[in-house]
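So you can see what is in the structure, the chains are spelled out below.
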Amino acid sequence: AVLGGCAGAPVQEMSNARQAIRAAEHAGAAATAPVVMGEAKQLLKSAESLLRRGDYRSARDQAELARTRAVEARSLAETAKASQPP
C-alpha cells in the first residue's frame, strides 16, 4: 500500500515533459538553446524507453528532468528574444 503511489505509470510527468518541450519549441529554443533543448528531448526519449520497460520510477525521474531542461530552454529562448533589438 505504501508503494501504491509510486507504482503507477508516470502519466502526468510524461505529459508535463511533452508540454514543456512543445512550449520551448514554440518559443524558439531549438535555435537559441539547441544544446539544452536536445538534452530535454533525449531525457524524454529515455523516459519513454524506461516506461516501455516498466521502470516507472526511473521513467518518472527522467520525465521530470526533461521538463526541467525544457523549461530552462524556453527561458533561454525568451531571454534571447527579449534582448534582440526591435
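Details of the structure are given in the entry above.
Residues numbered from 1 in each chain as written. Predicted model: local features only at pLDDT ≥ 70, side-chain atom pairs only at ≥ 80, totals over all residues. Heavy atoms only, no water.

For the rest of this paragraph, the subject is the nonpolar core. In terms of nonpolar packing, the biggest core is built from 19 residues, with Ile21, Ala29, Met37, Leu44 and Ala73 touching the most fellow members. With six residues, the single largest contributor to this core is helix H4 (residues 34-53). Setting aside anything within four residues of it in sequence, one finds Leu44 in contact with Met14, Ala17, Arg18, Ile21 and Ala66. (Core = buried A, V, L, I, M, F, W, Y, C linked by side-chain atoms within 4.5 Å. Buried < 20%, exposed > 50% of the residue type's maximum accessible area, 1.4 Å probe, protein only. Helix = DSSP H or I, 4+ residues; strand = E, 2+ residues; numbered from the N terminus. Contact = heavy atoms within 4.5 Å.)

A complete count under the given rule lists six salt bridges for this structure. A salt bridge links Glu48 to Arg18; its shortest N-O distance comes to 3.4 Å. Of this pair, Glu48 sits in helix H4 while Arg18 sits in helix H2 (residues 11-26), and the two are 30 residues apart along the sequence. We note a salt bridge from Glu25 to Lys41, for which the minimum N-O separation is 2.9 Å. Here the residue Glu25 occupies a position in helix H2, and Lys41 occupies one in helix H4, the gap between them amounting to 16 residues. Residue Glu25 is classed as partly exposed on the basis of its relative accessible area of 35%. Within this structure, Glu39, Arg69 and Glu72 form a network of salt bridges that share partners. (Salt bridge = Lys/Arg side-chain N within 4 Å of Asp/Glu carboxyl O.)

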